[in-house]
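Results of the structural survey
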Amino acid sequence: MLIHFSISMLGFMLVHRTLIEIAQEFAISQRDSRSLTISNLAFIAVSSAIVRSPITLWLFIGIVLITLKFFSPLLRIFLIKRLSSTLIPFLDSVILALQSGKSFRTSLQSAIENQSGWRRNQLREIFNSIINSENVIAVKSALLKDLQQELMEIDRSQNRVVDQVKALRRQLKVQENFRRRSGQVTQQIKMQAIIVTALFFALLTFVIVQFGFIEHKNLIAMSSFIFILGLFWIFNVGRRMKWKV
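The structure reproduced in this document is the subject of the present report. (Residues numbered from 1 in each chain as written. Predicted model: local features only at pLDDT ≥ 70, side-chain atom pairs only at ≥ 80, totals over all residues. Heavy atoms only, no water.)

**Looking at the environment of I131**
Among the secondary structure elements, I131 is positioned in helix α5 (residues 117-132). Along the chain, I131 and M152 lie 21 residues apart, while their C-alpha atoms are 9.0 Å from each other. (Helix = DSSP H or I, 4+ residues; strand = E, 2+ residues; numbered from the N terminus.)

Here's what the structure looks like:
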């Protein structure tokens, strides 16, 4: 019983530490952090009550820790995509502040403070790098690095700042429209692949039911291999394709 309790407490602390790191990285509110802590405690308590084997309990805790490790990169990708859709309204706020007579840095800082959560943290890092003339930001994102470089160039030039910010906004708008249209094309390809896959399995089921599997196993294996190879080639080419704006 003591060993079981010790494993539960150790597992709770390990998961809790991981959740704290996630909460700090993604600027999760204190209320949500408390909810995560309560959920963690409830999970450990239920697992300890159900699972009697220490090895199985360790397995459950390990699965949770691994899941959280994979969750962070996926959430980061999702948030970066969300951030890209908010950059144009963000630059609109900067332009509005510049037109009211404020300096570029003051306008930029004011627009950043109007953001929230993870977005504000990332934009603050960019702003701090501009103030300190540093080229390094914590998040390894091409979107954030490009934005940082553009804003640093505008800050250095101090010439026709409003026009430069408007030009940056137009550039991001063109990229957004292009990504949306290219996304529609790739979405159509995925839907066609799903339909073709459904038709292939329906035909494969018909052939097996009507003509048998053993008699035609070589033909079925060859056709399945060619079909899977074709699907892999389509998705692999689509993933490696570099769209230029």
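**So, the packing of aromatic side chains**
To describe a pair of aromatic rings, one takes the distance between the centres and the angle between the planes. Throughout the structure, instances matching the rule amount to two aromatic pairs. With 5.8 Å between their ring centres and 75° between their planes, F200 and F201 make a pair best called edge-to-face. Aromatic ring contacts, followed pair by pair, group F200, F201 and F227 into a single cluster. (Phe/Tyr/Trp six-rings, centres within 6.5 Å; stacked < 30°, edge-to-face > 60°.)

**A few points about the pattern of salt bridges**
Per the stated rule, a full pass over the model turns up five salt bridges. Ionic pairing is found between D155 and R105, a salt bridge with its closest N-O pair at 2.9 Å. One end of the pair, D155, is in helix α6 (residues 142-157); the other, R105, is in helix α4 (residues 104-113), and 50 residues separate them in sequence. For D155, a relative accessible area of 10% translates into the label buried. (Salt bridge = Lys/Arg side-chain N within 4 Å of Asp/Glu carboxyl O. Buried < 20%, exposed > 50% of the residue type's maximum accessible area, 1.4 Å probe, protein only.)

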